[in-house]
Amino acid sequence: MTNLQGKIALVTGGSRGAGRGIALELAEAGAYVYITGRNAGTPQGAGERTLAGVLDEIQRSGGSGAAIRCDHTKDGETEAAIRQIAAEQGRLDILVNNVWGGNNLPILNDPFWEQAPEHWDNMFTAGVRAQLMTNYYAIPLMRSQRAGTGLILHTTFWDEYKYTGNFYYDLSKNALVRMAYGLSIELAADSIAVIPLSPGWMRTELVLESFGTDEAHWQEKEGLQTTESTAYVGRAAAALAADPEVMTITGIPQRVGDLAEKYGFTDIDGRKVPAFRISG
């Protein structure tokens, strides 16, 4: 696809997981993609899951972009990253808020009072607040363009407000949904759509490692048969960014599996993986 030619995108947390998948697919669709994260890496280690590694993948696939090392828990670094994009491009069309620090502790389904309070900082300081402050610095740049429809995506988890089983995870992911809803109202007049984007069970690097496998051999693991690649959420993001009618769904949570049906894309293995549902 080349339907995002001329668009400037920023994907936070772009060195691995959903961020990597989204960055690669936006670049494949023609956007110039900035990726941010704390793990910069080096060109010599381009095969690693680092910003340098993902940028190398983008460029080897014929795309274009740039990497900015940024710790989004530090407001000064977030502001500097947006300032760099403004100086180099003068615009920002697509913002993907994907930065997330919530996996630093095991996410267990124990009762709230048995959970470590450190989950709050992992999920809210390094997750919700980091995304909020990226919006804070990026939105003025997006509003200044007044040219076409802009798009802000928040990667989250949503299944019609069913409880996820972990108090902190549920609270933080729903906070992102509500953040997107509030911004969708405040940015409607600027034609900037703000959408919570919910993937299913992705085969991230951590998931594959926990099963003792890799992307080339995941189908050998029975427990991974219902998973989706990180490219799947990337294709959803690219489809939303290319949709001229995206303002009609601003503020409304979107599941990747549902968007595959709507826009007609598939995962890398040709499947349309259904939207993930919480059982019970």
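Bear in mind the structure is a predicted one, so any value in this text is a computation, not a measurement. (Residues numbered from 1 in each chain as written. Predicted model: local features only at pLDDT ≥ 70, side-chain atom pairs only at ≥ 80, totals over all residues. Heavy atoms only, no water.)

**A short note on the sheet that holds strand β4 (residues 94-97)**
Okay, step 1: If you trace the seven strands from one edge of the open sheet to the other, you get β3-β2-β1-β4-β5-β6-β7, paired in parallel fashion. Strand pairing shows two members of the sheet lacking a second neighbour, β3 (64-69) and β7 (254-255), which therefore form its edges.
Okay, step 2: Of the pairings in the sheet, the one linking strand β1 (residues 8-12) to β4 comprises three bridges and is parallel in character. Residue pairing for β4: L10 is matched across the bridge by L95. (Pairing = 2+ DSSP bridges. Helix = DSSP H or I, 4+ residues; strand = E, 2+ residues; numbered from the N terminus.)

**Focus: the nonpolar core**
Okay, step 1: With 40 residues, the main nonpolar core has L26, V33, L197 and L240 as its most contacted residues.
Okay, step 2: The element that contributes the greatest number of residues to this core is helix α7 (residues 230-242), accounting for eight residues.
Okay, step 3: Those residues in contact with L197 that sit more than four places away from it in its chain are L153, H154, T155, T156, V233, A236, A237, L240, Q254, V256 and L259.
Okay, step 4: If you look at the next biggest cluster of nonpolar residues, it comprises 29 residues, including Y34, M123, M142 and L183. (Core = buried A, V, L, I, M, F, W, Y, C linked by side-chain atoms within 4.5 Å. Buried < 20%, exposed > 50% of the residue type's maximum accessible area, 1.4 Å probe, protein only. Contact = heavy atoms within 4.5 Å.)

**Quick notes on the packing of aromatic side chains**
Okay, step 1: What the rule picks out here adds up to eleven aromatic pairs.
Okay, step 2: Centroid distance F167 to Y168: 5.7 Å. Interplanar angle 85 degrees. Geometry classified as edge-to-face.
Okay, step 3: Judged by relative accessible area, which is 31%, F167 ranks as partly exposed.
Okay, step 4: With a relative accessible area of 7%, Y168 lands in the buried category.
Okay, step 5: Following the ring pairs from residue to residue traces out a cluster consisting of F112, F167 and Y168. (Phe/Tyr/Trp six-rings, centres within 6.5 Å; stacked < 30°, edge-to-face > 60°.)

**A few points about the side chain of E57**
Okay, step 1: Within the fold, E57 resides in helix α2 (residues 51-60).
Okay, step 2: Only 2.8 Å separates the side chain of E57 from the side chain of R20, close enough to count as a polar contact.
Okay, step 3: E57 has contacts with R20, L24 and R49, leaving out every residue within four places of it along the chain. (Polar contact = N/O pair within 3.5 Å; in protein donor to acceptor, adjacent residues only side chain to side chain.)

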